[in-house]
Amino acid sequence: MTDDQSHKSLPSDLLLLVILVLGDGLLLTPAGSPLRVTGALILFLLPGLAWARRLFPTLDPLTRWTLGAGLSYTLAMVLGLILHYLPGPLPLWAELTALNALVLISGLAAGGRQSASRRHSAELNRWLLIVLLLAAIFRLVSLGYSEFQGDEALAMITAAEALEGHQDALYLRGKGPGEVLLPMALWRLTGTINEAAARLPFAIAGLLMVLTVYLLGRRLFHSRTGLSKGLGKERRHLGEQAGLIAAGLLALNGFLVGFSRIVQYQSLVVWMSGLAFLCAWEWRASEDRQAPRWAGLAGAFLATGLLAHYDAILVAPALGYLSVSAIKSTNQQTRGPANLQSLASSFLIAAGALLIIAGLFYLPYLLDPQATRTGAYLGDRIGDSLFKNNLRSFLHFNIFYSSSYYVMFTGLLVMGFVAWALRHTPGIQSIPGGRYWVPLLAAIAILGLMLHPNTLRVADLDLAALPFTLILLGALLSSALDAGQRAVLAWLTVPFLGYNFAVALPLTHIYTIVPAWTLLAGLAGAQLWGLIQSRVFKEYANVDGKSQSVALYFLLLAACYLLPATLFSGYLYTAYLRHDVEFWQDWPNSQPSLYWSPYQELPPAGFFGFAHRAGWKEAGALYAQGTLRGDYGSNEEPEVTSWYTRGAPRACDPQPEYYFIADDLVDPWPLDPDTIEASYTSIGQVVLPNKKGLAIYQAQPSTVELGHLPAGTLGPLFDRTATPAAFARSARGSHPADANMAGQVRLVGYDLDTRRAWPGGRVSVTLYWQAQASLSEDYHVFVHLEALEEAGSASGIWGQANGRPVCWTYPTFDWRPGQIIADQHAIAVKPDTPTGDYPILIGIYQPDTGTRLDVLDKEGKPVANFVKLATVSIR
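How each quantity is defined
- Residues numbered from 1 in each chain as written.
- Predicted model: local features only at pLDDT ≥ 70, side-chain atom pairs only at ≥ 80, totals over all residues.
- Heavy atoms only, no water.
- Helix = DSSP H or I, 4+ residues; strand = E, 2+ residues; numbered from the N terminus.
- Rg over C-alpha atoms; globule rule 2.2 N^0.38 Å.
- Areas by Shrake-Rupley, 256 points an atom, 1.4 Å probe, with all protein chains shown as cover.
- Axes fitted to C-alpha atoms, helices over the stretch in contact; angles between N-to-C directions.
- Parallel < 35°, antiparallel > 145°, perpendicular 65-115°, else oblique.
- Contact = heavy atoms within 4.5 Å.
- Nonpolar A, V, L, I, M, F, W, Y, C, P; charged D, E, K, R; others polar.
- pLDDT = per-residue confidence, 0-100.
- Salt bridge = Lys/Arg side-chain N within 4 Å of Asp/Glu carboxyl O.
- Buried < 20%, exposed > 50% of the residue type's maximum accessible area, 1.4 Å probe, protein only.
- Disulfide = S-S within 2.5 Å.
- Pairing = 2+ DSSP bridges.
- Patch = residues over 30% accessible without salt bridge, like charges linked within 9 Å, V, L, I, M, F, W, Y side chains within 5 Å.
- Phe/Tyr/Trp six-rings, centres within 6.5 Å; stacked < 30°, edge-to-face > 60°.
- Lys NZ or Arg CZ within 6 Å of the ring centre and 35° of its normal.
- Core = buried A, V, L, I, M, F, W, Y, C linked by side-chain atoms within 4.5 Å.

1. Observations concerning the overall build of the chain
Scanning the chain from terminus to terminus reveals 28 helices and 19 strands. Its C-alpha atoms give the chain a radius of gyration of 31 Å, near enough to 29 Å, the size a compact globule of 875 residues would have. The principal-axis extent of the C-alpha atoms belonging to the chain is close to 105 × 65 × 50 Å. With an accessible surface of roughly 35600 Å², the chain has 63% of that area assigned to carbon and sulfur atoms.

2. Side note on the packing of helix 3 (residues 61-85) against helix 7 (residues 178-190)
For the pair helix 3 and helix 7, the least separation of the axes is 9 Å and the interaxial angle reads 90 degrees. By the angle between their axes, helix 3 is roughly perpendicular relative to helix 7. Contacts from Y73, A76, M77, G80 and L81 in helix 3 reach G178, L181, L182 and M184 in helix 7. Split by residue class, the contact of helix 3 with helix 7 holds seven nonpolar, two polar and no charged.

3. Quick look at the confidence of the model for the chain
In this model, the chain carries a mean pLDDT of 89, and residues with pLDDT of at least 70 account for 91%. Between residues 113-118, whose pLDDT stays under 50, and residues either more than four places distant or in other chains, the model counts 12 contacts. Ignoring residues within four places in sequence, the model shows residues 224-235, a span with pLDDT below 50, making 33 contacts including any to other chains.

4. Some details on the pattern of salt bridges
Under the definition given, this model contains 26 salt bridges. A salt bridge links R188 to E164; the shortest N-O distance between them is 3.5 Å. With R188 in helix 7 and E164 in the loop between helix 6 (150-163) and helix 7, this pair connects stretches of sequence that are 24 residues apart. We classify R188 as buried; its relative accessible area is 15%. Owing to a relative accessible area of 28%, E164 belongs among the partly exposed residues under this scheme. Beyond isolated ion pairs, a larger network of salt bridges with shared partners links E657, D753, R755 and R756.

5. Description of the state of the cysteines
One pass over the structure, following the stated rule, counts one disulfide. Across a sulfur-sulfur distance of 1.8 Å, C652 and C807 are joined as a disulfide pair. Its torsion about the S-S bond being -75 degrees, the disulfide of C652 and C807 is classed as left-handed. Separated by 155 residues along the polypeptide, C652 in the loop between helix 24 (638-644) and strand 6 (658-662) and C807 in helix 28 (residues 805-808) bring together distant segments of the chain. Judged by relative accessible area, which is 42%, C652 ranks as partly exposed. Of the residues examined, C807 reaches a relative accessible area of 27% and is grouped as partly exposed.

6. Remarks on the sheet that holds strand 11 (residues 745-756)
Strands sit in the order 15-12-11-10-17-18 across an open sheet of six strands; the sheet is antiparallel. Strands with a single pairing partner mark the edges of an open sheet, and in this sheet they are strand 15 (820-828) and strand 18 (862-864). Direction of pairing for strand 11 relative to strand 12 (residues 762-771): antiparallel, over a ladder of nine bridges. Paired with R746 across the strands is Q770, a residue of strand 12.

7. Some thoughts on a nonpolar patch on the surface
On the surface, L386, F387, L456, L461, L463, L466 and L470 cluster together into a nonpolar patch covering about 650 Å² of accessible area. Turning to its location among the elements, L466 is positioned in helix 19 (residues 465-476).

8. Some thoughts on the packing of aromatic side chains
Overall, the coordinates contain 54 aromatic pairs when judged by the stated rule. Judged by centre distance (5.0 Å) and plane angle (90 degrees), the rings of Y73 and W271 are edge-to-face. Taken together, the residues span a long stretch of sequence, with Y73 in helix 3 and W271 in helix 11 (residues 266-285) at a distance of 198 residues. Centroid distance Y623 to Y632: 6.4 Å. Interplanar angle 65 degrees. Geometry classified as edge-to-face. For the pair shown, Y623 and Y632 are each scored as buried. Taking NZ or CZ as reference, R646 lies 4.3 Å from the ring centre of F718, over its face.

9. With respect to the pairing of strand 11
Where strand 10 (residues 735-741) lies against strand 11, five bridges are found, and the strand directions are antiparallel. Of the residues in strand 11, the one forming a bridge with P736 is G749. Linking strand 10 back to strand 11 in an antiparallel pair, the connection comprises three residues, with A742 at a positive phi of about 60 degrees. In textbook terms, the turn of a hairpin is the stretch between consecutive antiparallel strands, and for strand 11 and strand 12 this stretch comprises five residues, one of which, G760, has a positive phi near 85 degrees.

10. As for the nonpolar core
In terms of nonpolar packing, the biggest core is built from 224 residues, with F277, F496, W643 and F660 touching the most fellow members. Among the elements that take part in this core, helix 8 (residues 195-220) stands out by supplying 16 residues, more than any other. Ranked by size, the runner-up nonpolar core spans 33 residues in total, among them M741, A757, V763 and A771.

Here is the structure:
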């Protein structure tokens, strides 16, 4: 850095320090408050922004801020992994020290020298501001309205356990840790969490992806012929228009709106893939010493995407093409890195960043038993048959998330681009009339198979993949495509063919096509708009004051831009922001008549980000304040209820203390309504503004009367106490214990609910086991209300609950050494049980032989084959 650059950096260094101190100071405000969340966001985003300023001092601010924000996400995930690997809970001081150090060290690092030329410099113009505002509305408004869905709840529970020191928390999942590490980072800084705060990093990622697509379009398509901006105005290049249209289409894509509104990996995958693509393109075009830095960032962002989910690997072929084209460019001594030595160093830096960051998680993960189970799961998703056909699912999901208008509008643009590319495919031009009828046949084939997916099905063989593969490969070989267009088309081709024809159950994973899809649609749209301008306004191109021309121009502008944007926005509002009628839950009555769909039924699964509230936070607050205590059953899936009841035991039997019956469900859970009607009393009702809610029942005779609970009255109480410790399922129970079961399993605690301990009643028991070693046997647990002969009371078993742990769902061969497992049981007391005091005996046995594990004393000697847990008085 020169002396002049040093002097210029002093004010910005001082500003950076002031912002850092402000972020630290805001953490002194009450936990979970808006000011505390603001401070946490400052500290979360500042490290990457500081390093981007240091690495690329003369890059235009818009691009530098976007890269800096992405780098902040990378640093947050890497830092979270490193701190998680340290023993014990993750302390606030450790994270705070690390974040401050990252910012301060950036001020000491030597900055890069870069050409003063700002190639393709981007500015925050008014049209881009409008697009970003529109994107922000659909991603940020009412972000905390919907309750957590099942996958969100699992991610948040995992985050809580990781923060509280559960060393295996990140390895118990079948996905990357990114969706856990981000809420972890914010949660420790904010102290408490709510739905909006937890989703904020993903919403920001979704918003910045819109900006990234604009930057990509602007750079990738910059070299094409300029088109007029308007009557009597200066001309703008095609890349600017293509970037704006692509950003607008992505801002209004239902998949990316929905995924920006949940604690899930998808928005991270598409954004990090986009950033990796942008950096690879800049590296390819770079002619100075910044090339290795661009390569390193490309590798880092790809690795960050992989930490979010392995879907990020789908951008790798496009990055590979850019690398190969860079080598070719170097050999031809045209634009690109200066020489082969620069190429080699760039490849090594990119590979190193990729392997170090991704390997930080995946190397130990591949050595973990969970990797085998994940592989089996992925094998089931891929399926056994060679050729699949998911075109109907592809169309159904796209229409449901984004509307039929959006699919037709963007689909026709992409198809037009592919048809245009096919006209210039080698060999096509030598066929008489091939430039015309080959693209026409391709378009007919695409439309026909989309509308009638089974057309090419012969017996058990489906050949729908063949025409799509030939069409896309032909387009990729087109001589009309430049490097940027071919790379984007490769980015589209791989996930499109993969998830439509190679995977048996893709569901919503087709979201991976969206960035490339919108870029190609944006390019085609910009070309089409330029064609309209040049043809319709040719005679007025350089003439001002033509009222007819101006009127026609704005009419076409409204038809081409305003009308589609209004249609798309109306659908998104109905699906994601409207609360009086919830789009997904009230389907098909929620579907506006304006938005026609060929599908009257819902997709089979995969509903993410849609407005949904059932009243669970109020039920959770009742548990948090102690009004409700004891086990429960529900018609909602366990993942959702586990979060909102904060790990309260969910009963295995049909006679829990409470039942929670939700009107709207994420994933329905079977139950017996006759049992509720016969043996339970309604004690309360959470009432939502849309007149739906959550009914609360208690076993008879009831002891609580809650009445009507308007939604929102108890939510603040739930949020104020939402610390990681409140949700971590690694608790040891209210009663400590220490029983060594044959050196393989240890009982570390238990909970006991004896409020209904009478003849014909029920005793609820939760056992907390800790595996001492890897177990190969499928052990079962017995829990007996059993009077021993020497006790002097009526001998025999007067109630029992035996079986595989955790309601038959968690076999012991899946337990991990050190892991604590909460194992719920309910003893049904026999109706003829004499009154008296009865011990509860528990133990572990082999179901095939009935052989019990010995209980060992401190010297390791067997002393019994059961543990006397407690004594229960039956009255």
